[in-house]
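Given next are the chains, with one letter for each unit.
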Amino acid sequence: MDRPSHAAPLPGEPDAIAVPPAVLDLLGTLWAAGHDAFVVGGSVRDALLGRPAADWDLATSARPEQIVEAFPGSVYENRFGTVAVRRDDDVFEITTFRSDHDYADFRRPHRVEFGDDIEPDLARRDFTVNAIAWGRTGDRGAAKADGSGKPAIVDPFDGRADLATRTLRAVGDPIRRFDEDALRMLRAVRLATVLDFTIEPATLEAIAARAELARHLSGERVAAEMARLLAAPAPSTGLRLMETSGLLRELLPELAAERGVAQNKVPGDDLWDHTLRSVDAAAADRPIVRWAALLHDIGKPATAADGHFYGHDAVGAEMAEAILGRLRLPRAVIDRVVQLIRQHMFMYDSGWSDAAVRRFIGKVGLPALDELLDLRAADNVGSGRPADAGGLGELRRRIDEQLAAEVALDRADLQVDGGDLITELGLSPGPLIGRLLDDLLERVIADPALNDRPTLLLLAQGALEEDR
Ligand code: ATP
Ligand code: MG
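Before going into details, it helps to say that this report is about the structure given with it.

Reading the values: the criteria
Sequence order sets the numbering: in each chain, residues are counted from 1 along the sequence as written. For naming, the first written chain is A and the first written ligand is 1, with later ones following in the order written. In keeping with the model being predicted, local features are shown solely for residues with a pLDDT of at least 70 and side-chain atom pairs are shown and tallied solely at 80 or more, while totals for entire chains, interfaces and linings include all residues. To obtain the side-chain values, all non-hydrogen atoms of the structure were included, while hydrogens and water were left out. We define a nonpolar core as any set of buried Ala, Val, Leu, Ile, Met, Phe, Trp, Tyr and Cys residues linked to one another through side-chain atoms lying within 4.5 Å. Using a 1.4 Å probe on the protein chains alone, a residue whose accessible area is under 20% of its type maximum counts as buried, one over 50% counts as exposed, and one in between counts as partly exposed. In DSSP terms, a helix is any run of H or I states spanning at least four residues, a strand is any run of E spanning at least two, and both are numbered starting from the N terminus. Note on contacts: a residue pair qualifies if any of its non-hydrogen atoms lie within 4.5 Å across the two residues. We define proximity as follows: a residue is near a molecule or strand when any one of its heavy atoms falls within 4 Å of that partner. Residues adjacent in sequence count toward polar contacts only when both atoms are side-chain atoms; beyond that, a polar contact is any pair of N or O atoms within 3.5 Å, and within protein one must be able to donate a hydrogen and the other to accept it. Here the accessible surface of atoms and residues is derived via Shrake-Rupley with a 1.4 Å probe, and residues count as covered only by protein chains that are part of the display. For this scheme, ten residues count as nonpolar: Ala, Val, Leu, Ile, Met, Phe, Trp, Tyr, Cys and Pro. Four count as charged, namely Asp, Glu, Lys and Arg, and the remainder, Gly too, count as polar. One bridge is not enough; two strands pair if DSSP finds at least two bridges between them. Between the N-to-C directions of two axes lies an angle of 0 to 180 degrees, each axis being a line fitted to C-alpha atoms and, for a helix, fitted only over the stretch in contact. Multiplying 1.5 Å by the helix residue count minus one yields the expected span of that helix. Here is the rule for angles: anything less than 35 degrees is roughly parallel, anything more than 145 is roughly antiparallel, 65 through 115 is roughly perpendicular, and the remaining ranges are oblique. By definition, a salt bridge exists where a carboxyl oxygen of Asp or Glu is found within 4 Å of a side-chain nitrogen of Lys or Arg.

Turning our attention to the nonpolar core. In terms of nonpolar packing, the biggest core is built from 103 residues, with Val39, Met242, Trp291, Leu295 and Phe360 touching the most fellow members. Take this core: its biggest share by element is eight residues, from helix H8 (residues 183-195). When sequence neighbours within four positions are dropped, the list of residues in contact with Phe360 reads Phe346, Trp352, Leu369, Leu372, Leu373, Leu395 and Ile399. In terms of nonpolar packing, the next biggest core, distinct from the first, is built from 19 residues, Val444, Leu459, Ala460 and Ala463 among them.

What follows is the structure in structure tokens.
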């Protein structure tokens, strides 16, 4: 078969990329069976950038049944022609060349058509830098004889030129491509942020022109992109792009409302600027804190009155719950982020007794404690202050001290439990037991020395007598 070749290597560069042995092995099997096969997409892009590639995706002329036949034990995953192949501990996705048709709802193609060539498969991809392939045609007499036995780069949209200038450019007419799939707009923002690329002007203008389509996207797809955006070194880059392009207004209108809300923190900054600084200041490997930093002041626009924002923490917590629910984040993540926002206004001062520090630990709970302190540190930086301003450094030290002393922080840490109270004091099970334990815990938090069994039983006895 005759096909155009775009496999010209870059001048002075070998037309090869560092493909892991397992992937080469998969390609080799497909080639030997007579199928064209290439690595494509993000992994090729990342390899050419010298970044570690996350997942190696393969594209082939082999039909799903043929892929399964070539790799015994593999699984046909979905109607898009993707087969999952396990090699060592990794799972690789091998997808039959395809072209997309009938985008009816700005989301996903309704019909996919399998193809015999890599080029149309690259043409359906979103950005030029994601539309580069590396591989070759399958082993079959003539093709092999004409030199196609050597794998090469296939780059019909000049993605390598855009890689060199770190540019994100839609494949084809950006307006049409975003009409086909609105997620691509958010992918553009996310990829630009993660890769530290610039979105090419026509592509960026098309996002602004089509931002409204983003409201058709499912919460899950938006959340997946947002999560990756929030894991970037500086999410503010992408969040600003979302704001200026109008994507934010469609996806997170509550956040878009922060624009223009006055703040007396960093001169010239509004509430949105403060939020962005705070998000960047939170650690990239703490997704919960990043989400909380993004949403921590979301209650402010609604509560703004006379330069104050009374109750914005409680209002913001409720709003965050609704937003994250809309994005279908896991319940445990939602609960934690909401808790952090609700508690983010805690006021520490050096006058706190050690018992107050222990009460604080008990109220926040150990699992959320570090995250709450990190959120406050990010909020501090977002306000133009040092991370440990407001006594935060001191509070951290005092908390560490208390934790090192292994003081009791909840009922489970008490040297007596409900069963002890029932047998030793002749009580019957009921709410009274819980009340007694809470009372004992309060006393032990105030004075850890009281946490031994005889003392606690005496204290419980005393409390009972007082009650009578
Ligand atoms: P990452 O490194 O974040 O995984 P990626 O570009 O590999 O980035 P994937 O979601 O893994 O992103 O997609 C793999 C490839 O599939 C992309 O590189 C692109 O070629 C193509 N692709 C993914 N999503 C779309 C889309 N919505 N429209 C068109 N092509 C897409
Ligand atoms: Mg990928």
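So, next bit.
Our next topic: the site of ligand 1. Close to ligand 1 lie 15 residues, the nearest being Arg45, Asp181, Arg184, Arg190 and Arg228. Contacts to ligand 1 include Arg45, whose side-chain N or O atom sits 2.8 Å from an oxygen atom. With respect to ligand 1, the side chain of Arg125 contributes an N or O atom lying 3.1 Å from an oxygen atom. Within the complex, 82% of the 580 Å² of free accessible area of ligand 1 lies under protein. Listed by contribution, the elements that provide at least two residues to the shell around ligand 1 are helix H2 (42-49) and H8. A breakdown of the residues in the shell around ligand 1 according to their chemical character gives no nonpolar, three polar and twelve charged.

The next point concerns the pairing of strand E1 (residues 37-40). Going residue by residue along E1, you find Ala37 and Val39 tucked away on one face and Phe38 and Val40 tucked away on the opposite face as well. As paired elements, E1 and strand E2 (residues 57-60) share four bridges and run antiparallel to each other. By the bridge assignment for E2, Ala37 is matched with Thr60. With four bridges connecting them, E1 and strand E8 (residues 133-136) associate as antiparallel partners. Bridging from a neighbouring strand, Phe38 pairs with Gly135 of E8.

Taken in spatial order, the seven strands line up as E3-E4-E5-E2-E1-E8-E9 in an open sheet, and their pairing is mixed. Because the sheet does not close on itself, it has two edges, and the strands there are strand E3 (75-76) and strand E9 (152-154). Lying over the sheet, H2 contacts E1, E2, E8 and E9, oriented at roughly 65° with respect to E1.

Time to look at helix H23 (residues 431-446). Between its terminal C-alpha atoms H23 stretches 23 Å, which fits the 22 Å expected from 16 residues at 1.5 Å a residue. Among the residues of H23, Ile433, Gly434, Leu436, Leu437, Leu440, Leu441, Val444 and Ile445 are the ones counted as buried.

With that out of the way, let us pick up the packing of helix H19 (residues 354-364) against helix H20 (residues 366-382). Two elements in contact, H19 and H20, have axes whose closest approach is 7 Å; the angle formed by their N-to-C orientations is 105°. With respect to each other, H19 and H20 are oriented roughly perpendicular. Two secondary-structure elements touch here, H19 through Phe360, Ile361 and Val364 and H20 through Leu366, Ala368, Leu369, Leu372 and Leu373.

Right, let's talk about the pairing of strand E5 (residues 90-96) for a bit. As judged from the four bridges shared by E2 and E5, these two strands associate in the parallel manner. Bridge pairing links Thr60 to Thr96 in E5. Examined bridge by bridge, strand E4 (residues 82-87) and E5 share six bridges and lie antiparallel to one another. The partner of Arg87 across the bridge, within E5, is Asp90. Here E4 folds back onto E5, and the loop between the two strands holds two residues, one of which, Asp88, carries a positive phi near 55°.

With that settled, consider the pattern of salt bridges. Per the counting criterion, the structure on display carries 36 salt bridges. For Asp181, the salt bridge goes to Arg221, with nearest N and O atoms at 3.5 Å. Here Arg221 lies in helix H10 (residues 219-230) and Asp181 lies in the loop between helix H7 (174-180) and H8, a separation of 40 residues in the sequence. Asp181 gets classed as buried once you look at its relative accessible area, which sits at 9%. A salt bridge links Lys300 to Asp297, with the nearest nitrogen and oxygen atoms 3.4 Å apart. Owing to a relative accessible area of 1%, Asp297 belongs among the buried residues under this scheme.

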